[in-house]
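Coordinate analysis (summary)
Spelled out from the first residue to the last, the chains are:
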Amino acid sequence: MTDPVIAEEILAPSGPARDGIDVSALVWRLVLVIGLLLIWEFSAGNLFNEFWSSRPSLIGERLFALFKSGEIWRHVSTTVSEALLGLFLGAIVGTPIGIALAHYRRAAKIVDPFVMGLYGLPRVALAPMFILWFGISLFAKVMMSFSMVVFVFILNVTEGIRTIDPDMIDLMRTMRAPRSYILRKVTIPSIVPWLIASFRIGIGLSLVGAVVGELIGANRGLGWYVVRAGGQLDTTGVFAGLFLLMLLAMIANQIIFMIEQRALHWRHETR
Amino acid sequence: MTVATEAPRILLDNVSVSYETPRGRLPVVDRVSLAVDKAEFVVLVGPSGSGKSTILRAIAGLNAVESGSITVDGKTVDGPPEHIGFMFQKDTLLPWQTVRENIEVGLALAGVSPSQWKQRIADLLALLRLSEFRDAYPAQLSGGMRHRVSLGRMLAYQPAVMLMDEPFGALDFQTKAVMGRELLRIWEAERRSILFVTHDIEEAVALADRVLVFSPRPARIVAEHQIDLPRPRNLRALRGSPDFSAYTRAIWEALGDTD
């Protein structure tokens, strides 16, 4: 036990916690936001006509009114359910397709140009078709959102499986591990980081899909609210809608971040 | 060759392997015959990329042979045989599992009843001096420690044959020496067949009962040296000894002949 080399290796202490809250970054963030809002507030009406830009105090009042009347929930819940349904549908459909494409290389090679063609197609251009097919229903927006997100899952999962270390699989095979064991211990854990990355990218895209769907044809939702306000030259309403959309994206990102911390803790606990 | 009192554990008879490449067939192993006894430590040395790894992979049933035959315990290899432990140059640990969970892979695949796992893990961790790191993740460990976990996973599987493909090749000089010592300590306590690939001649002489020297690709056996150094071996004392130097020199010369 007095082996010097072993003693030297004795251990790799775990480093300081990285997940601690960085207070000074929070403070700076707050200062930045307040500063920009103040500039906006006091330049509107002085440097330019506030008709074009509204001002933070008016937007705040509008948001308060929306909350008070409860109207806000109708729009937020509509947009959120469209986006979430699209996101999960994209995950449920995209993941198995991704696994299949990684597994059947020959088939993947054959369909690759078509997949990339669809992926490259600006999905926004599909919106009129979805409205035509599904009317201004919820489903039209879910499909819009789905069409934005599904490729993210297909491409990430495929790539995730292709980057699994073949030696890891071979090692399992030398111990005569059944396929199901390899799937459970190696394949699925290997794609978890790629799935989380897909959700991270997909959340923003699913909101884009939902909002684009609402822009084209809807009677509720944050996208619809923004368009209607724009049509009425109500800049305050436009900014209130944009603010809510931004808030949703930030909350969603934070949720994904928390899931990532939990699911990938083995990555973060480095020395 | 040693006189086998029992049937050899591993027997290769005239084995050739080649790979299909876009530019045609590439022979990697050329009519290799060898036998490894039940408690024998055999080391394969030769230039990197010469096909020694392919031999190990073929014995483990990961690669098909083109001609000739391989038997392990009298059974012809056709897919991974029973009771084979394999170690790669990389530790190939599951990064999302702790030290304990990685070692459990070996126990689970050996069919050890889960009621015994706790005790077995504790014994293995003590043997490998890893007890404090039971719940650490591979990313928290040094390279040498990860290799010890990898060795632990193999031992947990209780292999009768250990196939080790440059297992310590990626480690620094000192750690490599320590791992060699640990391996000998474990093996001398409980002997089994080891087939160990390296291109480090000193490592080969230090560990082996017998060293087989291979040519550059396609791999052929060009020399064979019985290493009659006493066991248990004290590697530190051994490295300076005249016998040790004589063996390393002889192997250097055998390798030199293959240029």
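Preceding block: the structure.
The present account deals with the structure reproduced in this document. Keep in mind that this is a model prediction, so the values were computed, not measured. (Residues numbered from 1 in each chain as written. Chains lettered and ligands numbered in written order. Predicted model: local features only at pLDDT ≥ 70, side-chain atom pairs only at ≥ 80, totals over all residues. Heavy atoms only, no water.)

Details of the overall build of chain B
Along chain B, the regular secondary structure elements total 8 helices and 10 strands. Against the compact-globule benchmark of 18 Å for 259 residues, chain B has a radius of gyration of 18 Å, which places it among compact chains. The principal-axis extent of the C-alpha atoms belonging to chain B is close to 50 × 45 × 40 Å. Sorting the 259 residues of chain B into buried and exposed places 57% on the buried side. Restricting the contact set of chain B to residue pairs at least 6 apart, pairs at least 24 apart contribute 71%. Between the mean site of the 30 positive side-chain charges and the mean site of the 32 negative ones, chain B shows a separation of 4 Å. (Helix = DSSP H or I, 4+ residues; strand = E, 2+ residues; numbered from the N terminus. Rg over C-alpha atoms; globule rule 2.2 N^0.38 Å. Buried < 20%, exposed > 50% of the residue type's maximum accessible area, 1.4 Å probe, protein only. Contact = heavy atoms within 4.5 Å. Lys, Arg positive; Asp, Glu negative; His and termini not counted. Charge placed at Lys NZ, Arg CZ, Asp CG, Glu CD.)

Thoughts on the sheet that holds strand 4 (residues 67-72) of chain B
All names here are of chain B. Taking strand neighbours across the sheet as the criterion, the 4 strands line up as 2-1-4-5 in an open arrangement whose pairing is antiparallel. Of all the strands in the sheet, the pair left with one neighbour each is strand 2 (24-36) and strand 5 (75-76). Relative to strand 4, strand 1 (residues 10-21) runs antiparallel, the two being bridged by 5 bridges. Across the sheet, residue Ser16 finds its bridge partner in strand 4, namely Ser67. Sheet strands in contact with helix 1 (residues 52-59) are strand 1, strand 2 and strand 4, and its direction is about 115 degrees off that of strand 1. (Pairing = 2+ DSSP bridges. Axes fitted to C-alpha atoms, helices over the stretch in contact; angles between N-to-C directions.)

Digging into the packing of aromatic side chains
One pass over the full model with this rule turns up 15 aromatic pairs over all chains. Ring centres 6.0 Å apart and planes at 45 degrees place the aromatic pair B:Phe41 and B:Phe196 in the tilted group. Of the two residues, B:Phe41 sits in strand 3 (residues 41-45) while B:Phe196 sits in strand 8 (residues 193-198), which places them 155 residues apart along the sequence. Here the two residues B:Phe41 and B:Phe196 agree in accessibility, since each one is buried. Look at B:Phe86 and B:Phe88: their rings are 4.8 Å apart centre to centre, the planes differ by 40 degrees, and that puts the pair in the tilted class. For the residue pair B:Phe86 and B:Phe88, the accessibility class agrees, reading buried in each case. Linked through ring pairs, A:Phe130, A:Trp133, A:Phe134 and A:Phe139 together constitute an aromatic cluster. (Phe/Tyr/Trp six-rings, centres within 6.5 Å; stacked < 30°, edge-to-face > 60°.)

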